[in-house]
Amino acid sequence: MNTPFVASLVGDRPLIFAFVVVGLLTWLCFAFSKHITKGRIHGSAVAIIIGLVLAYIGGVSTGGKKGIADIPMFVGFALMGGAMLRDFCIVSTAYGVKLEELKKAGLAGFLSLVIGTALAFVVGVAVAYAFGYRDTASLTTIGAGAVTFIVGPVTGTAVGASSTVIALSVAAGVVKSIAVMILTPFLAKPFGLTNPAAAMVYGGLMGTTSGTAAGLAATDARLVPYGALTATFYTGFGCLVCPSIGFIVMKTIFG
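About the thresholds
- Residues numbered from 1 in each chain as written.
- Predicted model: local features only at pLDDT ≥ 70, side-chain atom pairs only at ≥ 80, totals over all residues.
- Heavy atoms only, no water.
- Helix = DSSP H or I, 4+ residues; strand = E, 2+ residues; numbered from the N terminus.
- Buried < 20%, exposed > 50% of the residue type's maximum accessible area, 1.4 Å probe, protein only.
- Contact = heavy atoms within 4.5 Å.
- Areas by Shrake-Rupley, 256 points an atom, 1.4 Å probe, with all protein chains shown as cover.
- Core = buried A, V, L, I, M, F, W, Y, C linked by side-chain atoms within 4.5 Å.
- pLDDT = per-residue confidence, 0-100.
- Expected span 1.5 Å × (residues − 1).
- Phe/Tyr/Trp six-rings, centres within 6.5 Å; stacked < 30°, edge-to-face > 60°.
- Lys NZ or Arg CZ within 6 Å of the ring centre and 35° of its normal.

**Some details on the overall build of the protein chain**
Now for step 1: On a plain count of helices and strands, the protein chain comes out with 13 helices and 0 strands.
Now for step 2: Start at the N end of the protein chain and walk to the C end: the helices and strands fall as α-α-α-α-α-α-α-α-α-α-α-α-α.
Now for step 3: The 255 residues of the protein chain split such that 42% are buried.
Now for step 4: Pairs at least 24 apart in sequence give 67% of the contacts found in the protein chain among residues at least 6 apart.
Now for step 5: Accessible surface, the protein chain: about 13,500 Å² in total, of which carbon and sulfur atoms supply 74%.

Okay, here's the thing in structure tokens:
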């Protein structure tokens, strides 16, 4: 793939080329979501799945450790997918949140955040333990991944988990996001998702913004802003407590 034409195309602008490729793939994924799945699977989830597949193909084909970034023409993905730009995304999301808005959710919204984060973390840790992971860093990272696919790598980087475990945490978050997207319309009636208050509690319990927004859109589009309200805080809350309180608890239990 490292032909003279490709080399001249990418040149000394590998990061710009990476953004172009990701932008094109994102556009195609959202088109697929809109026209093929009718919005039931959010475009971001489709894009993440394709990204994981491409990373796997890149790693297998080159025998390297950086996924698709091991292919010369895609070397810009190493920086684009690194911790720096990831943390910029998290900070930009946090700047879009207003504390006054969270207060509108009331005590139920706050409790849903705490319960939803703790429950997802415990389930993730239990699954990781069942598959043979015993070290504190791996258990904490995979548990955080079950919170969201952003909290997982943030936590993994903070506690020193391996790149393999961090990738598993992302996969766990993606599976959760897709599950929430698909199951929300079926759970709407038994869960009483018929009003804004219920949507805010549901967003706090599920947490995954893309999954909650897409699921509520398929249920009742009027509920999307309310579910997304608490779901937005979920990621920031998870990034705060999983590498700190979550890691301390895991250290206490597993040593």
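Moving on from the model shown.
**Topic: the nonpolar core**
Now for step 1: In terms of nonpolar packing, the biggest core is built from 24 residues, with Phe121, Val147, Val151, Ala161 and Cys242 touching the most fellow members.
Now for step 2: Sorting the residues of this core by element identifies helix H7 (106-130), helix H8 (136-147), helix H9 (151-159), helix H10 (163-191) and helix H13 (224-254) as the ones contributing at least two each.
Now for step 3: Examining the composition of this core, we find that 7 residues originate from one element, H13, more than from any other.
Now for step 4: Once you skip the residues sitting within four places of it in the chain, Val151 turns out to touch Ala144, Thr235, Gly238, Cys239 and Cys242.
Now for step 5: If you look at the next biggest cluster of nonpolar residues, it comprises 12 residues, including Val10, Ile68, Met80 and Leu85.

**Observations regarding the environment of Ser112**
Now for step 1: For Ser112, the position within the fold is in helix H7.
Now for step 2: For the pair Ser112 and Gly207, spaced 95 residues apart in the sequence, the C-alpha separation amounts to 9.2 Å.
Now for step 3: Those residues within four positions of Ser112 in sequence are excluded, and the remaining contacts are Met200, Val201, Gly204 and Leu205.

**Notes on the confidence of the model for the protein chain**
Now for step 1: Within the protein chain, residue pLDDT values average 81, and 85% of them lie at 70 or more.
Now for step 2: Within the protein chain, helix H5 (residues 83-95) has the poorest average pLDDT of any element, 61, and H8 the best, 93.

**Structural notes on the side chain of Thr141**
Now for step 1: With respect to the helices and strands, Thr141 occurs in helix H8.
Now for step 2: The residues contacting Thr141, other than those within four sequence positions of it, are Gly152, Thr155, Gly156, Val159, Ala161, Val165, Ile166 and Ser169.

**Things to note about the side chain of Thr212**
Now for step 1: Here Thr212 lies in helix H12 (residues 209-219).
Now for step 2: Residues within four places of Thr212 in sequence aside, it is in contact with Val180, Tyr202, Gly203, Met206, Gly207, Gly227 and Ala231.

**What about H8?**
Now for step 1: With 12 residues, H8 extends 17 Å from end C-alpha to end C-alpha; this agrees with the ideal 16 Å at 1.5 Å per step.
Now for step 2: Summarising burial for H8: 12 of the 12 residues are buried, a large majority.
Now for step 3: Three or more residues of H8 are buried, namely Thr136, Ala137, Ser138, Leu139, Thr140, Thr141, Ile142, Gly143, Ala144, Gly145, Ala146 and Val147.
Now for step 4: Among the structural elements, H7, H9, H10 and H13 are those in contact with the buried residues of H8.

**Quick notes on the packing of aromatic side chains**
Now for step 1: In the structure shown here, the tally under the stated rule is 3 aromatic pairs.
Now for step 2: Pairing Phe74 with Phe77 gives two aromatic rings, centres 5.8 Å apart and planes at 70°, and the pair type is edge-to-face. With respect to burial, Phe74 and Phe77 carry one shared label: buried.
Now for step 3: Put simply, the rings of Phe17, Phe74 and Phe77 touch in pairs and so form one group of aromatic residues.
Now for step 4: Stacked on the ring of Tyr129, the Lys or Arg Arg134 has its end atom at 3.7 Å from the ring centre.

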